[in-house]
Amino acid sequence: MSKNSMKESYKIKDNYNTSIKIKSLVITLICLILTIICLLPIYLLVINATRNTSDILNGATLIPGNETLNNYKNLMALDGFNALTGFKNSFIISGSAALLSVFISALTAYALVVYDFKLRGPAFTFILAVLMIPTQVSAIGFVQFMIKIGFFNTYVPLIVPAMAAPSTVFFIRQFMKSSFPLDIVEAARIDGSSEFRTFLTIGIPLLKPAMSVQLIFAFIANWNNFFTPSLIITRTEKYTLPMMINTLSSDRYTDYGMVYMGIALSIVPLIVVYFILSKYIIEGVALGGVKE
Amino acid sequence: MASNAQRRIKHVSYAKYGYFFIIPFFLVYFIFSFYPLVNTMRYSVEKNLSKEATIYDGEFVGLDNYKHILTSPDKNAEDYYVHAGMREGFLRALSNTFKIWVMNFFPQMILSMILAVWFTDAKLKIPAKGFFKVVMYMPNIITAASVAVLALKMFSNDSFSIVNNTLLNWGLIDEPIQFLADMKLKRTIIAGIQIWMWFGNTMILLMSGIAGINPSLFEAANIDGANSRQVFFRVTVPLLRPILLFTLVTSLIGGMQMFDIPYLFNPGTNRSPGTQTIAAFIYQIYMESRIKNTGHSGAASVVLFIITAALGSIVFYINRDKDEIAAKKQLKKLRKQAAKKAHGGLGL
């Protein structure tokens, strides 16, 4: 190879590297713009929650004000809106619904993988078939049924139905199929463990990764649910947080600082928790286990 | 040498525990999900309940409710006004839902696809990929109700809303834009919010799809001198087809149930019909009408159920346990062969 052609090939390589570098830079810039688009509304919300109404009406800014406490006080003094009650109610509902649904789903998935019974195939097929049926299509019959059996304005219709979550069962079953050592169940039997104890002491620890991801998703889904609670709950003191926030949308409230404070109270804690758990959440989404 | 315990286990059937363990799920499902669906179907063929009635007193009206929402009204018929009103409302809701979905899905898909290809390209050097992923997925976890109210405050018609105010201050517009008065604009904003909330989710799904493609295929394409466009259209897209189909169908099903944002992106209780989706139609004629319109909302629910069930069957087909089906086929084949052998030549 002559010196000249060597130079030429280096040049091509150089060109190639430069073009990759430029492309990477442009893409990084686009990603930064998208990051701003994702964060800016939330940032403006938080900033406006710290300003008073006349400042807010004067225009948007990126610098926080010093009316935070006042806005908070005004919000707390508001009749019919109580963010703390909303928080408590949402927490009770989402927490119990998530825990129960993940436990029952794990139990169901465990049965579908570990035991060989006649209806195993049909049971799984059924879960797959109902996986995509939305709540909306049965809402009318559901509410009428709840009224009839006296559960209207209670949390039972918001917690108990969530226990049967086909998508959670599906996700945990897929996880189990790929990684669960079936021999270990046999070994536990030889050691004299009862079947339910085996599930509790061996099944659950082994399913923990899948269960914790699903616990997060179930909690978020129930926390964010507006549709079902607004059909079932009519008494203000039982409102969930999204329902409370909805009352703020009325034009009646002209104290904008207070309104922004209310919205911020419903969004910021969720975002903080999200950033703490983001690693597991992103992994969970990548596994294709979510749908809403 | 088999121990006593092992021998005992061989004789015990554990099948019954399978039933015990799945009973809670199926019990809850049948009572709280399946029965309500059947109940909805029943309401769809009955006359509307009056608001006061808590005890079942519906009268069977056959397919009248379906006729009202689906067929064109007859001017001379007794029920002309109900019929025309319901049909107009349902068709409008159907068209709104579809319009918002189309405006949301295609731009979102293109954006997510481009990002997914960039993020999985090992040649590109993008710093802080993990951070970008986390931030882009973030809008998805925020309460939709809060997002709707926030958007309402940002896009209100007056000159004080964040968007109008900023545009006025920068001198880009002379008069505040009537974001909430123009239905087309309003639907576009709703679609924009949906994109904002969902593009990160779609991107991560597509990324895991691309990560599942055998990397040697990309290497081979590179060695053969394919440029990035060729790699994308000849390798990535064809191999992603199942995931693309899955995303399309789940997005369609999600779009059909769209409720929170279109319903709450209205100031106070002034729900504008221009953004009413099917789910909002069902909700409103049941919850917010003078009578408890169980009949028409029930019928609309059943129509929605049929549409989602048809779409859901595609997801069902994708999710099937392929190994199990293959194993079953194999078993059947073996059984047939065994049966043939047992029968000897007699079967012929």
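Preceding this section is the structure that the text describes.
Below, the structure is looked at part by part.

Cut-offs applied
- Residues numbered from 1 in each chain as written.
- Chains lettered and ligands numbered in written order.
- Predicted model: local features only at pLDDT ≥ 70, side-chain atom pairs only at ≥ 80, totals over all residues.
- Heavy atoms only, no water.
- Helix = DSSP H or I, 4+ residues; strand = E, 2+ residues; numbered from the N terminus.
- Rg over C-alpha atoms; globule rule 2.2 N^0.38 Å.
- Buried < 20%, exposed > 50% of the residue type's maximum accessible area, 1.4 Å probe, protein only.
- Areas by Shrake-Rupley, 256 points an atom, 1.4 Å probe, with all protein chains shown as cover.
- Polar contact = N/O pair within 3.5 Å; in protein donor to acceptor, adjacent residues only side chain to side chain.
- Patch = residues over 30% accessible without salt bridge, like charges linked within 9 Å, V, L, I, M, F, W, Y side chains within 5 Å.
- Salt bridge = Lys/Arg side-chain N within 4 Å of Asp/Glu carboxyl O.
- 1 Å grid on protein atoms, 1.4 Å probe; cavity = no way out; pocket = protein on both sides within 12 Å on 5 of 7 lines; lining within 4 Å.
- Points joined across faces, edges and corners; volume = space filled by probe spheres on them.
- Nonpolar A, V, L, I, M, F, W, Y, C, P; charged D, E, K, R; others polar.
- Disulfide = S-S within 2.5 Å.
- Expected span 1.5 Å × (residues − 1).
- Bend = angle between axes of the 7 residues up to and from the residue.
- Contact = heavy atoms within 4.5 Å.
- Buried area = accessible area lost by both parts, 1.4 Å probe.
- Lys, Arg positive; Asp, Glu negative; His and termini not counted.
- Charge placed at Lys NZ, Arg CZ, Asp CG, Glu CD.
- Core = buried A, V, L, I, M, F, W, Y, C linked by side-chain atoms within 4.5 Å.
- Axes fitted to C-alpha atoms, helices over the stretch in contact; angles between N-to-C directions.
- Parallel < 35°, antiparallel > 145°, perpendicular 65-115°, else oblique.
- Left-handed = near helix turned anticlockwise from the far one by under 90°.

Attention now goes to the overall build of chain A. A tally of regular secondary structure across chain A gives 13 helices and zero strands. When the helices and strands of chain A are placed in sequence order, the string is α-α-α-α-α-α-α-α-α-α-α-α-α. Computed over its C-alpha atoms, the radius of gyration of chain A comes to 26 Å, more than 25% above the 19 Å expected for a compact globule of 292 residues. Its C-alpha atoms give chain A principal-axis dimensions of about 80 × 70 × 35 Å. Classification of the 292 residues of chain A by burial places 51% in the buried group. Carbon and sulfur atoms make up 65% of the accessible area of chain A, which totals about 13600 Å².

Of note, Asn153(A) is a non-glycine position whose phi angle comes to about 65°, a positive value. Mapping Asn153(A) onto the fold places it in the loop between helix H6 (139-148) and helix H7 (156-159). Unlike most non-glycine residues, Ala128(B) shows phi in positive territory, near 55°. Locating Ala128(B) in the fold gives a position in the loop between helix H4 (80-120) and helix H5 (129-137).

It is worth spelling out the side chain of Ser278(A) at this point. All names here are of chain A. The topology assignment puts Ser-278 in helix H13 (residues 256-286). Residue class for Ser-278 comes out buried when judged on its relative accessible area of 10%. From its side chain, Ser-278 meets the backbone oxygen of Phe-275 in a polar contact 3.1 Å long.

On to a nonpolar patch on the surface, then. Taken together, the side chains of Ile36(A), Leu40(A), Tyr43(A), Leu62(A) and Ile63(A) make up a nonpolar region of the molecular surface, amounting to roughly 500 Å² of accessible area. Of the residues examined, Tyr43(A) reaches a relative accessible area of 38% and is grouped as partly exposed.

Before going further, it helps to examine the layout of surface pockets. Taken as a whole, the second largest pocket spans an internal volume of roughly 820 Å³. Of all elements in the fold, only helix H1 (3-49) of chain A together with H4, helix H8 (183-211), helix H9 (215-223) and helix H10 (228-256) of chain B reach the threshold of two or more residues within the lining of the second largest pocket. Class assignment of the residues belonging to the lining of the second largest pocket gives a composition of 18 nonpolar, five polar and five charged.

This brings us to the state of the cysteines. All names here are of chain A. Across all of its chains, the model carries zero disulfides over all chains by this definition. In this structure Cys-31 is a free cysteine whose sulfur lies 10 Å from that of Cys-38, the closest cysteine sulfur available. Of the residues examined, Cys-31 reaches a relative accessible area of 0% and is grouped as buried.

Turning to the pattern of salt bridges, a few remarks are in order. Residue and element names in this part refer to chain A. Taken as a whole and judged by the stated rule, the model has seven salt bridges over all chains. For Asp-116, the salt bridge is made with Arg-120, and the minimal N-O distance between the two is 3.7 Å. The salt bridge involving Glu-195 is made with Arg-189; its shortest N-O contact spans 2.9 Å. Of the two residues, Glu-195 and Arg-189, both sit in the buried class. What you see here is one network of salt bridges that share partners, running through Glu-186, Arg-189 and Glu-195.

For the rest of this paragraph, the subject is H10(B). Every α-helix winds through 3.6 residues per turn, so residues three or four apart in the chain are directed the same way. Here H10(B) is 29 residues long, yet its end C-alpha atoms lie only 35 Å apart, well below the 42 Å a rise of 1.5 Å per residue gives. In H10(B), a bend of some 60° at Arg241(B) exceeds every other bend along the element, and Pro242(B), a proline, comes one to four places later.

Tracing the backbone through its elements, the reader meets Phe219(A) in helix H10 (residues 195-224). In this structure, the C-alpha to C-alpha distance between Phe219(A) and Val102(A), residues 117 residues apart in sequence, is 9.9 Å.

Take the interface of chain A and chain B next. At the interface, 107 residues of chain A touch 101 residues of chain B. In this assembly, chain A packs against chain B so that about 9300 Å² is buried in total across both faces, 75% of it on carbon and sulfur atoms. Connecting chain A to chain B are zero salt bridges. Here chain A is connected to chain B by 17 residue pairs in polar contact (both at pLDDT 80 or more). Here the element with the most residues in the side of chain A that touches chain B is H1(A); it accounts for 19 residues.

This part is about the side chain of Arg51(A). Residue and element names in this part refer to chain A. Mapped onto the elements, Arg-51 comes out in the loop between H1 and helix H2 (53-58). Here Arg-51 occupies a buried position and makes no salt bridge, while the nearest side chain of opposite charge, Asp-55, is found at 5.1 Å. Looking at Arg-51, its side chain comes within polar contact range of the main-chain oxygen of Asp-55, at 3.0 Å. Setting aside anything within four residues of it in sequence, one finds Arg-51 in contact with Ile-56, Gly-59, Ala-60, Thr-61, Gly-65, Glu-67, Asn-71 and Gly-257.

Residue and element names in this part refer to chain B. On the surface, Lys-328, Lys-329, Lys-332, Lys-336 and Lys-340 cluster together to form a positively charged patch. Tracing the backbone through its elements, the reader meets Lys-332 in helix H14 (residues 322-343). For Lys-332, a relative accessible area of 63% corresponds to the exposed category.

The next subject is the nonpolar core. One finds Tyr110(A), Met136(B) and Tyr137(B) to be the most contacted residues of the largest nonpolar core, which totals 178 residues. Considering each element in turn, this core owes the most residues, 14 residues, to H13(A). Residues within four places of Met136(B) in sequence aside, it is in contact with Cys31(A), Leu34(A), Cys38(A), Leu115(B), Phe119(B), Phe199(B), Gly200(B) and Met203(B).

What follows is about the packing of helix H6 (residues 144-154) of chain B against H8(B). Residue and element names in this part refer to chain B. Here H6 crosses H8 at 135°, and the two axes come no closer than 11 Å. Looking at the two axes, H6 sits oblique to H8. Viewed along their axes, H6 and H8 form a crossing whose handedness is right-handed. In this structure, H6 uses Ala-144, Val-147 and Ala-151 to contact H8, whose residues at the interface are Ile-193, Trp-196 and Met-197. Of the residues that constitute the contact of H6 with H8, the class distribution is six nonpolar, no polar and no charged.

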